[in-house]
Amino acid sequence: MTRVLITSALPYINGIKHLGNLAGSMLPADVFARFRRARGDEVLYICATDEHGTPAELAAAEAGQDVRAYCDEQHQLQHDIGRSFGLSFDWFGRSSNPPNHRLTQHFAEVLESKGLIEERTDKLIYSIDDRRFLPDRYVEGICPHCSFPKARGDQCDNCGNLLDPVDLIEPYSKISGSRNIEVRDTNHLYLRQTLMAERIRAWVDAQSPNWQPLARSIAYKHLDEGLIDRGITRDLEWGIPVTKDGLPRPGFESKVFYVWFDAPIEYIGATVEWAEGTGGDWERWWRTDKGAADVEYLQFMGKDNVAFHTVSFPATILGSEEPWKTVDRLKAFNWLNWYGGKFSTSEKRGVFMDAALELLPPDLWRWYLTANAPEGSDTAFTWEQFQSAVNKDLADVLGNFVNRIAKFAESKFNGVVPEGGEPGPLEAKLFADLDAGIADLTANLEAIEIRKSAQALRALWVLGNEYLQEAAPWTAIKTDRERAAVIVRTALNLAALYGRLSAPFIPFAAEKIGEAFGEAWPAPWPREGAAAELARIAAGRAIRAPEVLFKKIEDDQIADWAERFRGEG
Ligand SMILES: [Zn+2]
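As for the pairing of strand 15 (residues 296-302)
- Judged by how many residues are buried, strand 15 sits mostly within the fold: 7 of 7 residues are covered.
- Residues E296, L298, F300 and G302 point to one face of strand 15 and Y297, Q299 and M301 to the other, with burial holding for every one of them.
- As defined by bridge partners, strand 1 (residues 3-8) adjoins strand 15 across 5 bridges and the pair is classed as parallel. Following the sheet pairing, V4 is matched in strand 15 by E296.

Here is the structure:
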């Protein structure tokens, strides 16, 4: 039994996530976690909300809420909606919780003791009326490139140019609208990544052969461009306070750690939360001197997050010179796009997780998003593709097979797995095809090839319909009841096997299948050959046809949804 630690990139707190967020980190992490649990590994899947930073403050202000109350509410919403989607995290923590405060302050103090953090003086915008320094996004003004009147301090939304707030013409505070602002000196902490460049490259060289090509290429791109020293504190109220020797750091009383410094540390923080909440031992997952050396650690993320996981977080971990576990396998995803544009949380463009579940059950979305995972390149959501995946794969192939054979057994064998007869040549061919197909599916899941895994699973489902078509139990029953018994017994076992093989992808339907065929749930991943696996449910067991597993999506439904969730462009 291997211990497998899985983390997926932390969803940001500013609202329910869209299907693109789900497809590019949390869902594939969940599929993999479920697969490894079914194989008998000890899995710890950790996720958490990322709660600090300017956008959280802005979203709270827009909602008219105190930032802590806003985060409390949004965290609970994201937790509940994730569970409704079947995301099987062992813990869904919060980067604002005490363990992350302690760990973040610990790392900063250790890094400073190693000479890797220094205090520097920056020139920043200070709002005299607001009596505070303004983060980039809190300053607006006229764009120096295109004269757009409401350019943000970090970027102009009209022309797309990245900006420095001091470049803005006639700048004003977004908080109060005051133009009574000036440039002032203020001190911030800098993580001296330039001193770490050699160590990080050596670490990437050693680790990256196990990473996906996309993650590896992005990591080397950042290393080749050269690391820069990064400011890791900000002038904000909401965040982790900056300390020195365990006390508030002089001159930093109104500053907090930058969200990008503390967010990845929450992978550890959330594991501490899990330990405190369950009585588990977090150190055996994270401290290589306390048992974590043989943990297999996998991270799942979108491509925009790779640099933070391959350079910034390793700088924190390696710089501490403490025995922390680092990532073994890193899986990055491209974008799932929305009709040629991007899904956008801030612009509320696309289908969001809560709206998706109001339309249809989670398995339908899970299947589409895994079968069309944005792995090799960006992919685009379309309602037609979604309808096709649900109707053709789930309803016509898997659902049809399971219901057809279960109903047949109900009507011809009183819902009892029939005895008698011996497997013949058709069964021998089925066993061989299944053995090859299961090996293919298992290998692709092990390699985290999500799209290929879904294809392999679908190919396995197709085998069932082909077998029934050829074996034709409805004909056999008229002349040879023993032969019909073999076919029905084999096909019922096959339907139950599909429940087990499909569970990582469509856990709700899989469990319904398991229940209908009297399987203890969750059921293990097949270990024996198909001949033995298809003898698992013995003659005499009572089964029943499950309720309709997948309802087909009608043309007028997708026309309606396309209108409601109008795509851009
Ligand atoms: Zn502009």
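So, the coordination of the zinc ion
- Distances from the zinc ion to its protein donors, C143 (SG), C146 (SG), C156 (SG) and C159 (SG), fall within 2.3 Å.
- Between the 4 donor atoms coordinating the zinc ion, the angles at the centre fall across 105 to 114°, so the site counts as tetrahedral.
- Spacing between the donor residues of the zinc ion along the chain follows C-x2-C-x9-C-x2-C. Linking C146 in the loop between strand 6 (139-142) and strand 7 (151-152) with C159 in the loop between strand 7 and strand 8 (169-173), this pair joins segments that are 13 residues apart in sequence.

Quick look at the pattern of salt bridges
- Tallied over the entire structure, the rule returns 45 salt bridges.
- Residues R458 and D393 are paired through a salt bridge, measuring 2.4 Å at the closest nitrogen-oxygen approach. Of this pair, R458 sits in helix 14 (residues 450-471) while D393 is found in helix 12 (residues 383-413), placing the two residues 65 residues apart along the sequence.
- Owing to a relative accessible area of 28%, R458 belongs among the partly exposed residues under this scheme.

Thoughts on the packing of aromatic side chains
- Overall, the coordinates contain 30 aromatic pairs when judged by the stated rule.
- Ring centres 6.0 Å apart and planes at 45° place the aromatic pair F32 and F300 in the tilted group. A residue pair is termed long-range when its members are at least 10 positions apart, and F32 in helix 1 (residues 19-38) and F300 in strand 15 qualify at 268 residues.
- The exposure class of F32 is buried, given its relative accessible area of 1%.

Thoughts on the state of the cysteines
- If you walk through the whole model with that rule in mind, you get 0 disulfides.
- No disulfide involves C47; its sulfur sits 15 Å from that of C71, the nearest cysteine.

Concerning the environment of L445
- Locating L445 in the fold gives a position in helix 13 (residues 425-446).
- Separated by 123 residues in the primary sequence, L445 and E322 have C-alpha atoms spaced 33 Å apart.
- Sequence-distant contacts of L445, defined by excluding residues within four places in its chain, comprise V31, F32, F35, S453, F505 and W525.

Some thoughts on the sheet that holds strand 8
- Pairing in this open sheet of 3 strands is antiparallel, and the strands run 7-6-8 from one edge to the other. With one partner strand each, in any of the chains shown, strand 7 and strand 8 form the two edges of the open sheet.
- Of the strand pairs in this sheet, strand 6 and strand 7 are connected by 2 bridges, and their pairing is antiparallel. Residue pairing in the sheet places G141 in a bridge with A151 of strand 7.

Describing unusual backbone geometry
- Cis geometry is found at the peptide bond from W521 to P522, where omega equals 0°.
- For P522, the location among the structural elements is in the loop between helix 17 (507-516) and helix 18 (530-533).
- Of note, E321 is a non-glycine position whose phi angle comes to about 55°, a positive value.
- Secondary-structure assignment places E321 in the loop between helix 9 (306-319) and strand 16 (329-333).
- By relative accessible area, which is 54% here, E321 ends up exposed.
- Even without being glycine, I448 reaches a positive phi, approximately 55°.
- One can find I448 in the loop between helix 13 and helix 14.

A short note on the sheet that holds strand 17 (residues 336-338)
- Spatially, 18-17-19 is the arrangement adopted by the 3 strands of the open sheet, whose pairing is mixed. Of all strands in the sheet, those with a lone pairing partner are strand 18 (341-342) and strand 19 (379-381), marking the two edges.
- Two strands pair when backbone bridges link them, and strand 17 and strand 18 are joined in this way by 2 bridges, in the antiparallel orientation. If you follow N337 over to strand 18, its bridge partner there is K342.

With respect to the packing of helix 4 (residues 98-113) against helix 7 (residues 259-278)
- Across the interface, helix 4 lies against helix 7 with an axial gap of 8 Å and an inter-helix angle of 130°. It follows that helix 4 is oblique to helix 7 by the angle criterion. Crossing of helix 4 against helix 7: the hand is right-handed. Along the contact surface, helix 4 presents P99, N100, R102, L103, T104, F107, A108 and L111, while helix 7 presents F261, D262, I265, E266, I268, G269, V272, E273 and E276.
- Here the contact of helix 4 with helix 7 is composed, by residue class, of 9 nonpolar, 3 polar and 5 charged.

Let's talk about helix 7
- Over its 20 residues, helix 7 runs 27 Å from end to end, which matches the ideal 28 Å to within 8%, given 1.5 Å per residue.
- Across the 20 residues of helix 7, 16 count as buried, placing the element largely inside the fold.
- Where helix 7 ends, the next residue or the one after it, G279, has phi of about 80°, a positive value.

Looking at the pairing of strand 4 (residues 117-127)
- Bridge analysis of strand 4 against strand 9 (residues 181-191) gives 11 bridges, and the strand direction is antiparallel. Looking at the pairing, E118 lines up with Y190 of strand 9.
- In terms of strand pairing, strand 4 meets strand 5 (residues 132-133) through 2 bridges, oriented antiparallel. When the bridges of strand 5 are listed, S127 appears paired with R132.

Quick notes on the side chain of T490
- If you trace the backbone, T490 turns up in helix 16 (residues 481-502).
- In this structure T490 comes out as buried when scored by relative accessible area, which is 6%.
- Among the polar contacts made by the side chain of T490, one reaches the main-chain carbonyl oxygen of V486 at a distance of 2.7 Å.

Basis of the calculations
- Residues numbered from 1 in each chain as written.
- Predicted model: local features only at pLDDT ≥ 70, side-chain atom pairs only at ≥ 80, totals over all residues.
- Heavy atoms only, no water.
- Buried < 20%, exposed > 50% of the residue type's maximum accessible area, 1.4 Å probe, protein only.
- Helix = DSSP H or I, 4+ residues; strand = E, 2+ residues; numbered from the N terminus.
- Pairing = 2+ DSSP bridges.
- Donors = N, O, S within 2.8 Å, 3.2 Å for Na, K, Ca; no water.
- Tetrahedral: all angles 85-135°; square planar, octahedral: opposite > 155°, others 65-115°.
- Salt bridge = Lys/Arg side-chain N within 4 Å of Asp/Glu carboxyl O.
- Phe/Tyr/Trp six-rings, centres within 6.5 Å; stacked < 30°, edge-to-face > 60°.
- Disulfide = S-S within 2.5 Å.
- Contact = heavy atoms within 4.5 Å.
- Axes fitted to C-alpha atoms, helices over the stretch in contact; angles between N-to-C directions.
- Parallel < 35°, antiparallel > 145°, perpendicular 65-115°, else oblique.
- Left-handed = near helix turned anticlockwise from the far one by under 90°.
- Nonpolar A, V, L, I, M, F, W, Y, C, P; charged D, E, K, R; others polar.
- Expected span 1.5 Å × (residues − 1).
- Polar contact = N/O pair within 3.5 Å; in protein donor to acceptor, adjacent residues only side chain to side chain.

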